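# A closer look at the structure
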Amino acid sequence: MVGLKEELLKSIWHAFTALDLDRSGKVLSHNLCTVLNVPHDPVALEEHFRDDDEGPVSNQGYMPYLNKFILEKVQGNFDKVEFNRMCWTLCAKKNLSKSPLLISDEDAFKVWVIFNFLSEDKYPLIIVPEEIEYLLKKITEAMGAGWQQEQFDHYKIALNTSREGLSAWELIDLIGSGQFSKGMDRQTVSMAINEVFNELILDVLKQGYMLKKGHKRKNWMERWFVLKPNIISYYVSEDLKDKKGDIILDGNCCVEALPDKDGKKCLFLIKCLDKTFEISASDKKKKQEWIQAIQSTVSLLRAGSPPPHKEARQKRKELRQKLLAEQEELERQMKELQAANENKQKELETVRKQLEAAAARAAEEEKKRLQTQVELQDRFSLELEREKMVRQKMEEQVAQKSSELEQYLQRVRELEEMYKQLQEALEDEKQARQDEETVRKLQARLLEEETAKRAELEKWHLQQQQTIQMTEAEKQELENQRMMKEQALQVAMEQLKQLELERKEALEQYEEVKKKLETAANNTKSWKDKVAHHEGLIRLIEPGSKNPHLITNWGPAAFTEAELEERQRSWKGKKATSE
């Protein structure tokens, strides 16, 4: 019942999708109940579509009703051709091509019914290229023509590039275009379509004229026999209008060949439980074909298998499903392989990058190692050169030290000579200092005498001033005394000039002694520098420290303490006398 339900749904789907008027589901339901011999329940239909009475009936709304109230009640006691023709009538006008076809409307109807049988069990309905090839082969064989495989392969390639398959109306256009029936007339094509229709749709396994022996009169009458999966019907003629009887087949039936008798040839016997039927074929070939066909049918009944064309269709579908599953599995595996390959590629890329990085690091390390080796070699070479240079320098230094030692000894000898000269220079300096001291003493004495003369002159001047203030007599006397004093002053002035000259001479002598002392000091400094330059090997001998010098207006160390005390006593005596 499930297979029957699927076959019915395909025809109903065409009819339902072609209707676009309101309440069309109700009209279709009424017609379906009529052709399928199902009681019609308008109340249930009205109740089901109560909320959707004004708009077009949707597929989602109609299918539950169709399954519940119609298809579940189908018993199989209906005319399939009449059912398909009703659905065809509802959809053909809208969908059938308006362009002229090489087949009649009746042939187009049969192709449409065959399409529903061979199409896939998914909507919208299509027939795949494998089933198209199967149908076209059957029609070509029925026409007695040769199958053009190469032509169909080109068509299949063009079809596969655009879509998965053809709709019913496209299949009708393909067969009606004569693309695969070139050279055949319309009648031949129509007969071929009818033969394929009978086999695939009406389950006609074999048909043809044969002679049948009557059960009552025992006469032989020509009848049109039609073999189906569980029955053999026989008619007066091939138009199937006047049916004469049926031979019910089951697993207990058998068929046997009979020898010729009563002038009849090519005889065979069909044994059933209650009856036996003697039949005469036209020739031995027809006899053998019929015997083989009936035996195959009985074998299928015993095995509970469907008719050959349905079994072949089921196998082709299973094969396609298997191929599809294998293809999907292959695609899945390909995706997994692709994903794994991508992962491997990523891993390889990562490994490659790691290898490149490792190679780069190795190259960098090798470069560094070579650079380090070169640097070490350069450093080693430099150290060797440096050691050579150091060794050479050390040799040079040894030679230089030897030379310096000679020079040092020479310097020691020179310093000893210089020391002797320095002692002489120190003696000269000592003598110069003694001469300077003598000159200073002389200079101090002259200065002291000059100071006394000046004091005396000042005293005389004061006395002269006092004398001026006296009387004229006294003034004359004073004048005389002044003249005398002037003369004495003149003499004193001359003595003072003489003292000045002597002082200048003493200064000149002092300058000469000073120059000598500076020369001696310079010589001493020069000797000090030379001694310091010669690494201070000899410590200069300098004069010892002197006693503190006395400082007078003539300068430091002009007098000794004894001379100063003597002069002090002289000054005090002169001062006492003047007072």
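Residues numbered from 1 in each chain as written. Predicted model: local features only at pLDDT ≥ 70, side-chain atom pairs only at ≥ 80, totals over all residues. Heavy atoms only, no water.

## Focus: the sheet that holds strand β4 (residues 243-248)
The strands that make up a sheet pair up through hydrogen bonds in the backbone, lying either parallel or antiparallel. The sheet built from seven strands is open, its strands ordered β4-β3-β2-β1-β7-β6-β5 with antiparallel pairing. What marks the edges here is a single partner per strand, and that holds for β4 and β5 (254-258). Averaged over neighbouring strand pairs, the angle between their axes works out to 35 degrees when direction is ignored. Pairing between strand β6 (residues 267-271) and strand β7 (residues 276-280): five bridges, direction antiparallel. Bridge assignment links F268 to a residue of β7, and that residue is I279. (Pairing = 2+ DSSP bridges. Helix = DSSP H or I, 4+ residues; strand = E, 2+ residues; numbered from the N terminus. Axes fitted to C-alpha atoms, helices over the stretch in contact; angles between N-to-C directions.)

## Observations concerning the packing of aromatic side chains
Counting across every chain of the model gives 14 aromatic pairs. Plain terms: the ring middles of Y209 and W224 are 4.7 Å apart, the flat faces sit at 70 degrees to each other, and that makes the pair edge-to-face. Highlighted residues: Y209 in strand β1 (residues 206-213) and W224 in strand β2 (residues 220-228), separated in sequence by 15 residues. A connected cluster of aromatic rings, assembled from ring pairs, spans W88, F109, W112, W169 and F197. Here the basic side chain of R316 rests over the ring of Y134, its NZ or CZ set 3.6 Å away from the ring centre. (Phe/Tyr/Trp six-rings, centres within 6.5 Å; stacked < 30°, edge-to-face > 60°. Lys NZ or Arg CZ within 6 Å of the ring centre and 35° of its normal.)

## With respect to the pattern of salt bridges
Between side chains of opposite charge, a pair can form as their charged atoms come close. Under the defined criterion, the tally for this structure stands at 28 salt bridges. One salt bridge connects R332 with E336, and the closest N-O pair in it is separated by 2.1 Å. Of this pair, R332 and E336 both sit in helix α12 (residues 308-468), four residues apart, roughly one helical turn. Judged by relative accessible area, R332 falls into the partly exposed class, the value being 36%. Residues joined in a network through salt bridges with shared partners are E120, E131, R316 and R320. (Salt bridge = Lys/Arg side-chain N within 4 Å of Asp/Glu carboxyl O. Buried < 20%, exposed > 50% of the residue type's maximum accessible area, 1.4 Å probe, protein only.)

## A look at unusual backbone geometry
When glycine is set aside, most residues are seen to have a negative phi, and most peptide bonds are trans. Each neighbour pair has its own omega, and for Y123 with P124 the value is -5 degrees, a cis peptide bond. Residue position: P124 is located in the loop between α6 (105-118) and α7 (129-143). A positive phi is found at K218, a non-glycine position, where the angle reads about 60 degrees. Even without a glycine there, the phi angle at D262 is positive, about 50 degrees. Structurally, D262 can be placed in the loop between β5 and β6.

## Thoughts on the pairing of β6
Taking burial as the measure, the five residues of β6 include four buried ones, the bulk of the element. In the sheet, β5 pairs with β6 via five bridges, with the strands oriented antiparallel. Bridge pairing in β6 places E256 opposite L269. If you look at the hairpin formed by β6 and β7, you'll find four residues sitting between the two strands.

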